Amino acid sequence: MTKPVWGCPWHGPVRGGVLTLPNGETMAWPQPSAHYDTISGNFTAIPDTWGDAHLIKVPGVAEVVRSAEELAADAVAGRQWHNTAGLSGDRHDLWGRALDGWIYIDPNGVRWLVRCTNLDENTVRSFGTAWSGTVTLKRFGEFGVAAESHSYSVSSGWGVDGPAPPSSGRLRLESIKPDGSAAILMVHQRRMTSTETQIRWPYSFLEMTISGPGEAATVTCGVVKARTAVSQVTSSFDLGPDYLAGFYYGPPFENPDEWRFQLASTPTPPGEGNFNEWGGRTCKVYSGPVSVDIRRTLSIWYDAAGIRRDVDLVVAWAGSVNLQEPTPDGRDCTGAASWTASIEVGGVVRCQLSGAWEGTANEVMNGINPGTMSWQRTVTTDGIPYTDSASGAANHLDWVSVPFDAARAYVISGMLFVESNATTFNDHLDVIRYAPQVIGLGADRPGGRAYHPPATPTGTASGSVTTGTTERRYGAWSPHTGAAVWLETSPVCWV
């Protein structure tokens, strides 16, 4: 017989206080809890925090060895023996007990329970004041030793740089290194407009590190990814001159009695022909290739070796447009493009879908008023085509160029637009954060949504593209085996 093992052999997904074992049998188990906050007067569980899970790995602990007979008996009983442990749910349950912290293994192999003040995600924080907290290390998991506790002060800037930075946000413990020596803190804001889609706008990421023996540790915290690195958009094209064309006699924004066409690449001097005074309409003129690339960091995970891996939404959009110069009769525009959207972990694609569109836009002037406009385009997302179209009176302020808007909006608005919209693209794509360690893509289809297997810290979750109309926003990842569940309609967590 092999050496006896000690620990907890019961592992699997927990739903509604019931643990499903690898052999399919079930047993009662305390459901790991979510994070709760008061939203619109209601005490509400934040959806993605139900399935939170983190790996604990003590350096030097060997793999569990079992004989063939013991392995067979384990399989029948639904037991799994690991040389690792896991923290589950928002309160970081270990074997059914909420730790409200994590485990640090110091260089001497001593285990310490780490707790940090001022990490409550419910607190909205001003970025004008540095973050600070107190880290307490308490001796953990040993019998026959005296109680021991040590406290350390820690502080950090926010890393919220770039143009028009937000003034406030939240702080969340996002990922923990397997030996507990570091943790990622996500500076973010929640978006609760939909319970199924991505619900966080990360602004920046901090990393807290612990080193040395628990009784004489060094604890630091600093920015590992600033806002300008979290939200990036690059483009390749030149919109050409900002033409002003078509103005009328009379004050701006009032219906004209008479229209007169004029074309200029720069505003005319003050007087009768001045567009600012007389209601000129703007348009862009360009014909040629266009590319837009968006990279938005959604999270940072530690792998089993303790290496940080950025989790990025990457959208690559490329095409061509023909935005013609207006004439007294109107203007015609055409465009076509294709794009891919991916979730990359450490630069490796783990979830991806693609799309394309082509369309035309037309505006007709009649010499009396701005005239009429119409546009139509065919959008293909995830292999499913859609037809979009519109028609009506022309806009008094702008010439129509809708087929180009999907790319132009990202470029003109830059970082702010990407921060608030990087989880949606082309009206049919969304990021779904099933759990902090399970993040995937969904694409709208007629009568439903297609869910693609999501990314996890250890790969791509098993399963195939699934279409449904029922909200499916929960999932969980196993820190022991890398298995994952997703497309869940109710809370789930792996223990």
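Note that the structure is a prediction, hence the values are computed from the model and not measured. (Residues numbered from 1 in each chain as written. Predicted model: local features only at pLDDT ≥ 70, side-chain atom pairs only at ≥ 80, totals over all residues. Heavy atoms only, no water.)

Participant: Tell me about the overall build of the chain, and name the residues and values.
Facilitator: Looking only at helices and strands, the chain features four helices and 38 strands. A total of 495 residues make up the chain; the buried ones form 51% of that total. Partitioning the intrachain contacts of the chain with sequence separation of at least 6 by distance along the chain shows that 59% fall at a separation of at least 24. Surface exposure of the chain reaches about 20,800 Å², of which carbon and sulfur atoms provide 53%. (Helix = DSSP H or I, 4+ residues; strand = E, 2+ residues; numbered from the N terminus. Buried < 20%, exposed > 50% of the residue type's maximum accessible area, 1.4 Å probe, protein only. Contact = heavy atoms within 4.5 Å. Areas by Shrake-Rupley, 256 points an atom, 1.4 Å probe, with all protein chains shown as cover.)

Participant: Quick rundown of the confidence of the model for the chain? Include the residues and the values.
Facilitator: Of the residues in the chain, 81% have a pLDDT of 70 or more, and the chain-wide mean is 85. This stretch, residues 269–273, has a pLDDT under 50; its non-local contacts, to residues over four places away or in other chains, come to 12 contacts. (pLDDT = per-residue confidence, 0-100.)

Participant: Residues and numbers for the layout of surface pockets, please.
Facilitator: Roughly 950 Å³ of internal volume is contained in the largest pocket. Elements represented by at least two residues in the lining of the largest pocket include exactly strand S6 (53–57) and strand S7 (84–88). Of the residues that constitute the lining of the largest pocket, the class distribution is 18 nonpolar, seven polar and six charged. Here the second largest pocket is characterised by a volume of approximately 400 Å³. Lining the second largest pocket are 16 residues; nearest its centre among them are Asp90, Asp100, Leu119, Asp120 and Leu173. Taken together, the elements giving at least two residues each to the lining of the second largest pocket come down to strand S11 (111–116) and strand S15 (168–176). Each residue belonging to the lining of the second largest pocket can be placed in one class, and the counts come to five nonpolar, three polar and eight charged. (1 Å grid on protein atoms, 1.4 Å probe; cavity = no way out; pocket = protein on both sides within 12 Å on 5 of 7 lines; lining within 4 Å. Points joined across faces, edges and corners; volume = space filled by probe spheres on them. Nonpolar A, V, L, I, M, F, W, Y, C, P; charged D, E, K, R; others polar.)

Participant: Let's hear about empty space enclosed by the protein: which residues, and what values?
Facilitator: Going through the model one piece at a time under the given rule, you end up with one cavity of 30 Å³ or more. Lining the largest cavity, in full, are Cys8, Trp10, His11, Trp29, Gly86, Ser88, Asp93, Trp95, Gly96, His480 and Val495. Classifying every residue of the lining of the largest cavity gives five nonpolar, five polar and one charged.

Participant: An account of the sheet that holds S15 is needed here, citing residue identities and associated values.
Facilitator: Read across the sheet, five strands follow the order S12-S15-S16-S17-S18 without closing on themselves; strand pairing throughout is antiparallel. Strand pairing shows two members of the sheet lacking a second neighbour, strand S12 (125–126) and strand S18 (218–225), which therefore form its edges. Across two bridges, the pairing between S12 and S15 is antiparallel. Bridging across to S15, Ser126 finds its partner in Ser168. (Pairing = 2+ DSSP bridges.)

Participant: Explain the pattern of salt bridges residue by residue, including any values.
Facilitator: Under the criterion given, the structure shown has 24 salt bridges. Across the pair Arg433 and Asp48 runs a salt bridge whose closest N-O atoms are separated by 2.5 Å. With Arg433 in strand S30 (residues 429–435) and Asp48 in the loop between strand S5 (42–46) and S6, this pair connects stretches of sequence that are 385 residues apart. Judged on exposure class, the residue Arg433 and its partner Asp48 are both buried. For Arg295, the salt bridge identified is with Asp312, shortest N-O distance 2.9 Å. One end of the pair, Arg295, is in strand S23 (residues 286–302); the other, Asp312, is in strand S24 (residues 308–323), with 17 residues separating them in the sequence. Residue class for Asp312 comes out buried when judged on its relative accessible area of 5%. Through salt bridges with shared partners, one network takes in Asp37, Asp48, Asp52, Asp90, Glu121, Arg170, Arg172, Glu174, Arg190, Arg200 and Arg433. (Salt bridge = Lys/Arg side-chain N within 4 Å of Asp/Glu carboxyl O.)

Participant: Lay out the packing of aromatic side chains in plain terms, naming residues and giving numbers.
Facilitator: Enumeration over the complete set of coordinates arrives at six aromatic pairs. Here Tyr36 and Phe43 contribute two aromatic rings whose centre-to-centre distance is 5.1 Å and whose plane-to-plane angle is 20 degrees, an arrangement assigned as stacked. For Tyr36, a relative accessible area of 31% puts it in the partly exposed group. Under the relative-accessibility criterion, Phe43 is labelled exposed at 62%. Considering the side-chain rings of Phe127 and Tyr203, the 6.2 Å spacing of their centres and the 90 degrees angle between planes classify their relative orientation as edge-to-face. Of the two residues, Phe127 sits in the loop between S12 and strand S13 (131–139) while Tyr203 sits in strand S17 (residues 200–211), which places them 76 residues apart along the sequence. The pair formed by Phe127 and Tyr203 is uniform in burial state, with each residue classed as buried. Grouping aromatic residues by their ring pairs yields a cluster made of Tyr36, Phe43 and Trp50. If you follow Arg139 out to its NZ or CZ, it ends over the ring of Trp112, 5.7 Å from the centre. (Phe/Tyr/Trp six-rings, centres within 6.5 Å; stacked < 30°, edge-to-face > 60°. Lys NZ or Arg CZ within 6 Å of the ring centre and 35° of its normal.)

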